[in-house]
Amino acid sequence: MEEVEKLIKEGKYKDALNLVKGQKDSPIKFYYLALIYFKSGNLKEALRFAEKAKRTGNEPRFSTLYSYILYSLGREQQDVELLERALKGMQIALQTNKQLEYDPEFLYYMANTLYELEKYKEALDVINKAITIKEDESMRKLKGDILFKLGKYEDAIKEYEKGIEKDENLYAIGFTYYKMGEHKKALEYLDKAITINPGNPYYYETKAEILLELEKKEEAIREISKALEIDPDNPYLISTEVEILSHLDQEKALKIAQEFIKDFEEYRDIFCEDIKVKKKVKEEVEILCS
């Protein structure tokens, strides 16, 4: 399977898949199929073959990959049960294979899983250990996210600055300054993030929220409109639009809220949970959400 591993490292997943499919069924075949599907983002197929590999073989790497897939699915679906299963699998893998204590990839996945489960202090311990083994920008970004959740904003910014050429790091710095109440700095970094990646709607949304707090309502509505041009049916963005409009045009705000809840009933809970509106509009929106 050396050729398969080479193709996977080169990102040639289709070629790797064709090569593996021609092999006789075995735990190793199922493992590599799971790995290819995992790397290419097909998590459901990855999980199916990882389960087959685990069921028919007992190599430690089968269980480790299975845990990585559970974590990725849990994060994607916001499913706490999957995340807890992923963490349990990683803990068992660590007990049976002590070498994983020195595997930065394993530690990175474990820290991510702990982070998603809001176990921030444990996550910080694990990511610190990973960083001592291998210096990596993605690990520094994760450490910044953990420090942010722990309320250590200045320390978080220092970590984000280590990957400052990336738009997600610039956004994270801007968002952190926003939480610190430093709106001018926040807007400066958000603009830098938007310059690099103008296709992320959440950059405009956060900018709109800051402008609203600064009483710059017309500028705020322009920014949220840019976000909605990118992702027009996003309930989080629409709730922000309604929030801003409740300060400018209450009749229009209510109309948008009514139409969204009518047309997208499946997103009602997300929309209603996220929305914050001016008092005069609040009662009518609450009726819509009830």
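Residues numbered from 1 in each chain as written. Predicted model: local features only at pLDDT ≥ 70, side-chain atom pairs only at ≥ 80, totals over all residues. Heavy atoms only, no water.

**Quick notes on the overall build of the protein**
This is how it is decided: We count a stretch as a helix when DSSP gives it H or I for four or more residues in a row; a strand needs E for two or more, and each element gets its number in order from the N terminus. Exposure is judged per residue with a 1.4 Å probe applied to protein chains only, and the accessible area is read against the type maximum: over 50% gives exposed, under 20% gives buried, and values in between give partly exposed. Contact between two residues is taken to exist if any of their heavy atoms lie within 4.5 Å; hydrogens are not considered. Per-residue and other accessible areas follow the Shrake-Rupley method at a 1.4 Å probe size, with only the shown protein chains counted as cover for residues. Charge counting follows a simple rule: Lys and Arg are positive, Asp and Glu are negative, and His as well as the terminal groups are ignored. For the purpose of locating charges, the reference atoms are NZ of Lys, CZ of Arg, CG of Asp and CD of Glu.
Along its length, the protein carries 18 helices and 0 strands. In terms of overall dimensions, the protein has a C-alpha envelope of 65 × 40 × 30 Å along the principal axes. Per-residue burial over the protein gives 47% buried out of 290 residues. Sequence separation of at least 24 residues holds for 47% of the intrachain contacts in the protein that already meet a minimum separation of 6. Summed over all atoms, the accessible surface of the protein reaches about 16000 Å², with 46% contributed by carbon and sulfur. Treating the 48 positive side-chain charges of the protein as one cloud and the 58 negative ones as another, the clouds have centres 4 Å apart.

**Overview of helix H13 (residues 201–213)**
Applicable threshold: Helix span is expected to be 1.5 Å times the residue number reduced by one. N or O atoms closer than or at 3.5 Å make up a polar contact, with two conditions inside protein: a donor-capable atom paired with an acceptor-capable one, and, for residues adjacent in sequence, both atoms drawn from side chains.
Along its 13 residues, H13 runs 19 Å from first to last C-alpha, staying within 8% of the 18 Å computed at 1.5 Å per residue. A large share of H13 lies buried, amounting to 10 of its 13 residues. All buried positions along H13 are accounted for by Pro201, Tyr203, Tyr204, Glu205, Thr206, Lys207, Ala208, Ile210, Leu211 and Leu212. Buried positions along H13 lie against helix H11 (167–179), helix H12 (183–196), helix H14 (217–230) and helix H15 (235–245). Near the N-terminus of H13, the side chain that reaches the backbone nitrogen of Tyr202, with its oxygen 2.9 Å away, is that of Asn200. Just past H13, the residue Glu215 takes up positive phi, approximately 65°.

**Considering unusual backbone geometry**
Positive phi, close to 65°, is recorded for Glu118, a residue that is not glycine. Relative to the assigned elements, Glu118 resides in the loop between helix H7 (104–116) and helix H8 (120–133). Its identity as a non-glycine residue notwithstanding, Glu215 has a phi of 65°, on the positive side. On the accessibility criterion, Glu215 (55% relative accessible area) is exposed.

**Topic: the packing of aromatic side chains**
Threshold: Pairs were defined over the aromatic rings of Phe, Tyr and Trp, the Trp ring being its six-membered one, requiring ring centres within 6.5 Å. Orientation was assigned from the angle between planes: stacked under 30 degrees, edge-to-face over 60, tilted for the rest.
All chains considered together, the criterion is met by 15 aromatic pairs. For the ring pair Tyr31 and Tyr32, a centre distance of 5.1 Å and an interplane angle of 75° mean the geometry is edge-to-face. In this structure, Tyr31 and Tyr32 share a single accessibility class: buried. Aromatic side chains Tyr31 and Phe62 sit 5.5 Å apart centroid to centroid with 35° between the ring planes, which places their arrangement in the tilted category. Of the two residues, Tyr31 sits in helix H3 (residues 27–39) while Phe62 sits in helix H5 (residues 60–77), which places them 31 residues apart along the sequence.

**Looking at the nonpolar core**
Here is a general trend for soluble globular proteins: nonpolar side chains tend to be buried in one another's company. What counts here: Throughout this description, the term nonpolar core refers to a set of buried Ala, Val, Leu, Ile, Met, Phe, Trp, Tyr and Cys residues connected via side-chain atoms within 4.5 Å.
In this structure, Phe38, Ile69, Met90, Phe106, Ile127, Ile146 and Ile224 are the most contacted members of the largest nonpolar core, which totals 91 residues. A total of 9 residues in this core trace back to one element, the largest contributor, which is H3. Once you skip the residues sitting within four places of it in the chain, Met90 turns out to touch Ser67, Tyr68, Tyr71, Phe106, Tyr109, Met110 and Thr113.

**A word on H12**
Across its 14 residues, H12 extends 20 Å between first and last C-alpha, which sits within 8% of the 20 Å expected from 1.5 Å per residue. Along H12, the residues that are buried comprise His183, Ala186, Leu187, Tyr189, Leu190, Ala193 and Ile194. Those residues of H12 that are buried are in contact with H11 and H13.

**Side note on the packing of H11 against H12**
Cut-off, in case you're wondering: What counts as an axis is a line fitted to C-alpha atoms, over the stretch in contact for a helix, and the angles between N-to-C directions run from 0 to 180 degrees. In these notes the angle categories are as follows: under 35 degrees is roughly parallel, over 145 is roughly antiparallel, 65 to 115 is roughly perpendicular, and the rest is oblique. In this scheme the crossing of two helices becomes right-handed for a clockwise turn of the near helix relative to the far one and left-handed for an anticlockwise turn of less than a right angle. Note on residue classes: Ala, Val, Leu, Ile, Met, Phe, Trp, Tyr, Cys and Pro are nonpolar, Asp, Glu, Lys and Arg are charged, and everything else, Gly too, is polar.
Two elements in contact, H11 and H12, have axes whose closest approach is 7 Å; the angle formed by their N-to-C orientations is 160°. In terms of axis orientation, H11 runs roughly antiparallel to H12. Helix-helix and strand crossings are classified by hand; for H11 and H12 the assignment is left-handed. Every residue of H12 that contacts H11 at Asp167, Leu170, Tyr171, Ile173, Gly174, Tyr177 and Tyr178 is listed here: His183, Lys185, Ala186, Tyr189, Leu190, Lys192, Ala193 and Ile196. The class makeup of the residues in the contact of H11 with H12 is 10 nonpolar, 2 polar and 3 charged.

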